[in-house]
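Descriptive analysis of the structure
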Amino acid sequence: MIDFIITSSLLIAAVLFASRLSEKRVNPCIRYALWLLAAIKLLVPLPEFESNMSILNLTNEIEEQSVSYILVDHSTFEDSGSENEIPAYLQGEKEGNIDKGIRTNADAAQICRSIWLIGTAIFFCIFVWSSLCFAGGLRRSRKRLGKMRGGLPIYEAFGITSPCLFGFFSPAVYLPENMELSKEQRNYVMAHEYTHYRHGDHIWALVRCMCVVLHWYNPLVWLAAWAAIRDSELACDAGTLKLIGKEHNLPYGKALIEIAKKSQSQPFSMQVLGCATSAAGGKKEMKKRIRMIAEQPRTKVSALLLLFIICINIVGCTFGAPAGEKAAEISENSGGYEAEPGESFTDGYGEDEAGLKDENEETEKEESGQTEQGEISQNPDDMNYREVILTRQREEGEVCIVVEPSVLRDYLSYYYIPEKGEQEQLKKLIQELPAEGEVFDGKWEGMKETGWRLVYGSRHFTAFEDGYYLYYDEDGTEGFAEYLIRSGELSDYVQNILDEKLEYRSFDAAKIENIISARLDVCSVFTDRNTYSQTITEEEVLETFEDWFSNGKYIFGGADCGNECACLTLTLADGNVVRLSVATDSCPNFAINGVYYDYRPVSVWDNKEFFEYFDEIPWNWDLS
């Protein structure tokens, strides 16, 4: 127990130091992530590993010197030649003192354990009671206003003074009742709380509370919880600016100040034991946040490298056990566990090291692209999308899903190859499809594609909404013929795979409204194959974009107009972020994850008018 308190306290102090050291040199999101080390140390019983860096080597050396002094003191009596020569009253006193010391240590340990259990129960009850009261108050007074991206509900509630995100299983954004905010300020608040949701701060708040409840006796844990709250807000501000565009830093900062003026600061204990995030904060914290928003510190490579070295040292000093040989020697000298003949005090450590070696080998395999299924192709034409490899090559005998993710990419479409278990289910569902369906004769009218297709052997399936497929077999005996078939089960299964692995789903262009920023990333022949980016926030321009894109007309069969060369990222006021693959030739179309729309405002129109709004990009329209 004492060893754990020493190592956990040292770790917290080291993280506080590292966070302070990197304050103006590293992105706040990285500094916030440092607290993961403390959470793992305080909550996860990891297996120990030997480390010469462990701080316990030093503490055990001090303990060893103290024990050695007692042994030397006892040897004074042994020098006379026989234990029988020790006076009887001293011999009895010696044995009695040993028994008494053992009983005293055991009693003290039991008392400490009882105190810890009582304290933990008290703080747990406080945490649960305050959370239930807060949740009950919100539930009784809330009025639903709508929802954000991902189905995150928005409520207006009585009894809170600051906007917040609250809820572990069913998180929601709560706005104070009758808080007077402009439309722009309200949009910034929504973006701020949505960033908390994306960061998972409603979950980390619970983790932080559990750390405090279990380690209530350690003041450094309370300090760590408070510092983690502060860093979570700084990280949220940085993430929000990335979401809305860094050029919005000044109005965003002013919105936070306005909210802080109308909010009341919570007591320290309520902040630490509360699971709700807050857009406002104390005066000192607000000054630091406003400074960060204004300066927008960038991560320096040298600072990141130094921080990484510090983290390695922190882990070595606080997670490691004393070196095996020294641990065995100290245990023997202090009257602890004695090894049986042929047994080593370090038994078990070798197994841990072997386990760590195996884990490292697995990690190296993953990093190099190797899996149990074989080696993933390192073809430069492949694409790493959301940490998943999308390939340009079909895999014979496997079901391949054709996708067109709306990001800047090298090619128009890619194949996603599902894993083994998914493959078996997909093949089963495809084999259950009818060999032929209704002959295709314009039956797609009134139907809309989902943005993905299936290829299995010589069979091709273009997916439509409501489980319909346009199907043809390129090796068919009767020549080329297309059929319309239906399988809602297959469609749902594929969409679940794409949702889980790629976050790939359709978005209705008609829902593009209240755009707050538009960022274009482009790399095309008109930029001499150089990559450029520009963000637009002018309200008049954004309204024009909204009118164009929300009124786009669906195009059956897609297009191939250089859409992979330009990605327009639209941030909406409700928190949704929509990415459009915009055609870079003269065709006025765009795609949202493989679903295409024609957005021309008049019948004869060149999309050059759209690109010229991004006047900071050095366009080269003359290719002659």
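Residues numbered from 1 in each chain as written. Predicted model: local features only at pLDDT ≥ 70, side-chain atom pairs only at ≥ 80, totals over all residues. Heavy atoms only, no water.

Concerning the overall build of the protein chain
Heads up, the condition is: Secondary structure elements are defined from DSSP: runs of H or I of at least 4 residues count as helices, runs of E of at least 2 residues count as strands, and each element is numbered from the N terminus. A 1.4 Å probe rolled over the protein chains alone gives each residue an accessible area, and that area as a share of the maximum for its type sets the label: buried under 20%, exposed over 50%, partly exposed in between. Whether two residues are in contact is decided by their heavy atoms: any pair within 4.5 Å suffices. Values of accessible area rely on a 1.4 Å probe in the Shrake-Rupley scheme; residue burial ignores everything except the protein chains shown.
The number of helices and strands found in the protein chain is 18 helices and 22 strands. When burial is assessed residue by residue, the protein chain has 43% of its 624 residues classed as buried. In the protein chain, the share of contacts with a sequence separation of at least 24, taken over all contacts with a separation of at least 6, comes to 66%. Within the structure as shown, the protein chain displays about 33,900 Å² of accessible surface, and the carbon and sulfur contribution to it stands at 53%.

Points about the sheet that holds strand β1 (residues 143–147)
To be explicit about the condition: Here, strands pair whenever DSSP counts at least two bridges between them. Every angle, taken between N-to-C directions, lies between 0 and 180 degrees, and every axis is a line fitted to C-alpha atoms, over only the stretch in contact when it is a helix.
One open sheet accounts for four strands, arranged β1-β2-β4-β3; its pairing is mixed. Edge positions in the sheet fall to β1 and β3 (164–166), since each has one partner strand and no second. With direction set aside, neighbouring strand axes in the sheet form an average angle of 30 degrees. Looking at chain direction, β1 and strand β2 (residues 153–157) are connected through four bridges and run antiparallel. Bridge pairing links G146 to I154 in β2.

Brief notes about the nonpolar core
Generally speaking, nonpolar side chains in soluble globular proteins are found buried as a group. This is how the line gets drawn: By convention a nonpolar core is built from buried Ala, Val, Leu, Ile, Met, Phe, Trp, Tyr and Cys residues, the set being connected through side-chain atoms within 4.5 Å.
One finds F545, F549, L568, L580 and F610 to be the most contacted residues of the largest nonpolar core, which totals 31 residues. When residues of this core are traced back to their parent elements, those giving at least two are β16 (515–522), α17 (539–550), β19 (566–572), β20 (577–582), β21 (589–592), β22 (595–598) and α18 (608–611). In terms of residues, this core owes the most to one element, α17, which gives five residues. For F549, the residues in contact, after removing those within four places along its chain, are A509, I512, L568, L570, L580, F590, Y599 and F610. One finds V388, V399, I401 and L490 within the second-largest nonpolar core, a separate group that totals 29 residues.

Describing helix α6 (residues 183–199)
What counts, and what does not: Any helix carries an expected span of 1.5 Å times its number of residues minus one.
In this model α6 runs 24 Å from its N-terminal to its C-terminal C-alpha over 17 residues, within 8% of the 24 Å that 1.5 Å per residue would give. If you check which residues of α6 are buried, you get Q185, N187, Y188, V189, M190, A191, H192, E193, Y194, T195 and H196. The first or second residue beyond α6 is G200, which carries a positive phi of 70 degrees.

Quick look at the sheet that holds β16
Taken in spatial order, the seven strands of this open sheet run β17-β16-β19-β20-β21-β22-β18, and their pairing is antiparallel. Where the open sheet ends on each side, the last strands, each with one partner, are β17 (532–536) and β18 (553–555). Each adjacent strand pair in this sheet contributes to an overall mean axis angle of 30 degrees, direction not counted. The pairing of β21 with β22 spans four bridges and is classified as antiparallel. Across the sheet, I592 pairs through a bridge with V595, a residue of β22.

As for the pairing of strand β12 (residues 449–456)
Judged by how many residues are buried, β12 sits mostly within the fold: seven of eight residues are covered. Sheet topology note: the strand β9 (residues 400–403)/β12 ladder contains four bridges and is antiparallel. Bridged to V402 within β12 is R453. In this sheet, strand β13 (residues 459–464) lies alongside β12 in antiparallel orientation, the contact comprising five bridges. Counterpart to L454 in the pairing with β13 is F461. Turn length for the β12-β13 hairpin, with the two strands adjacent in sequence and antiparallel, is two residues, and the turn residue G457 shows positive phi of about 65 degrees.

Here we look at the packing of aromatic side chains
Selection rule: Stacked, edge-to-face and tilted are the three classes for Phe, Tyr and Trp ring pairs, Trp counted by its six-membered ring, which pair at centre distances within 6.5 Å; planes under 30 degrees apart are stacked, over 60 edge-to-face, the rest tilted. Remark: a charge is flagged as sitting over a ring if the NZ atom of Lys or the CZ atom of Arg is within 6 Å of the ring centre and within 35 degrees of the ring normal.
Inspection of every chain in the model, using the stated rule, returns 33 aromatic pairs. Ring geometry for F461 against Y471: centres 5.0 Å apart, planes inclined by 20 degrees, an arrangement best described as stacked. Pair noted here: F461 is in strand β13 and Y471 is in strand β14 (residues 468–473), with a separation of 10 residues, a long-range link. By the burial criterion, F461 is buried, and Y471 matches it. Relative to W621, the ring of W619 has its centre 5.1 Å away and its plane inclined at 20 degrees; by these criteria the two rings are stacked. When its relative accessible area of 18% is taken as the criterion, W619 is described as buried. Taking NZ or CZ as reference, K41 lies 5.3 Å from the ring centre of F319, over its face.

So, the confidence of the model for the protein chain
Rules: A score between 0 and 100, pLDDT records how confident the predictor is in each residue.
Mean pLDDT over the protein chain works out to 78, with 76% of the residues at or above the 70 mark. Across the protein chain, the element-wise mean pLDDT spans from 36 in strand β6 (residues 374–375) up to 96 in β9. Note on residues 88–95: pLDDT is under 50 here. Beyond four places in sequence and across chains, it has five contacts. The model gives residues 325–377 a pLDDT under 50, and that stretch makes 40 contacts with residues more than four places away or in other chains.

What about the pattern of salt bridges?
Side chains bearing opposite charge may pair, as long as their charged atoms lie close to each other. How we decide: Whenever Lys or Arg places a side-chain nitrogen within 4 Å of a carboxyl oxygen from Asp or Glu, that contact is recorded as a salt bridge.
Applying the stated criterion across every chain, the model contains 14 salt bridges. Across the salt bridge formed by K501 and E422, the nearest N and O atoms sit 2.9 Å from each other. Here K501 is found in helix α16 (residues 488–502), whereas its partner E422 is found in helix α15 (residues 420–431), with 79 residues between them in sequence. Residue K501 is classed as buried on the basis of its relative accessible area, which comes to 19%. Between D598 and R600 there is a salt bridge; the shortest N-O distance is 2.8 Å. Connected via shared salt-bridge partners are R31, R230 and D231.

Let's talk about the packing of helix α8 (residues 219–244) against helix α9 (residues 249–261)
For clarity, the threshold we go by: Angles are sorted into four bins: roughly parallel if under 35 degrees, roughly antiparallel if over 145, roughly perpendicular if 65 to 115, and oblique for all others. A crossing counts as left-handed when the near helix is turned anticlockwise from the far one by less than a right angle, and as right-handed when that turn is clockwise. Ten residue types, Ala, Val, Leu, Ile, Met, Phe, Trp, Tyr, Cys and Pro, are classed as nonpolar, four, Asp, Glu, Lys and Arg, as charged, and the remainder, Gly among them, as polar.
At a minimum axis distance of 11 Å, the contact between α8 and α9 shows a crossing angle of 135 degrees. Put simply, α8 runs oblique to α9. Relative to α9, the crossing made by α8 is right-handed. Listed contacts from α9 to D237, T240, L241 and I244 of α8 are N249, Y252 and L256. Residues that form the contact of α8 with α9 fall into these classes: four nonpolar, two polar and one charged.

A closer look at a positive patch on the surface
We apply this condition: Surface patches are drawn from residues lacking salt bridges whose relative accessible area is over 30%; two like charges belong together within 9 Å, two nonpolar side chains (Val, Leu, Ile, Met, Phe, Trp, Tyr) within 5 Å. When charges are counted, neither His nor the chain ends are considered; positive counts come from Lys and Arg and negative counts from Asp and Glu. All charge positions are set by atom: Lys at NZ, Arg at CZ, Asp at CG, Glu at CD.
Together, R139, R140, R142, R144, K147 and K511 give the surface a local cluster of positive charge. Mapped by element, the contributors of at least two residues to the positive patch are α5 (88–141) and β1. As for its position among the elements, K511 is in the loop between α16 and β16. Of the residues examined, K511 reaches a relative accessible area of 53% and is grouped as exposed.

Some thoughts on a negative patch on the surface
On the surface, E184, E539, E540 and E543 cluster together into a patch of negative charge. The dominant element in the negative patch, judged by the number of residues it contributes, is α17, at three residues. By the secondary structure assignment, E540 is in helix α17.

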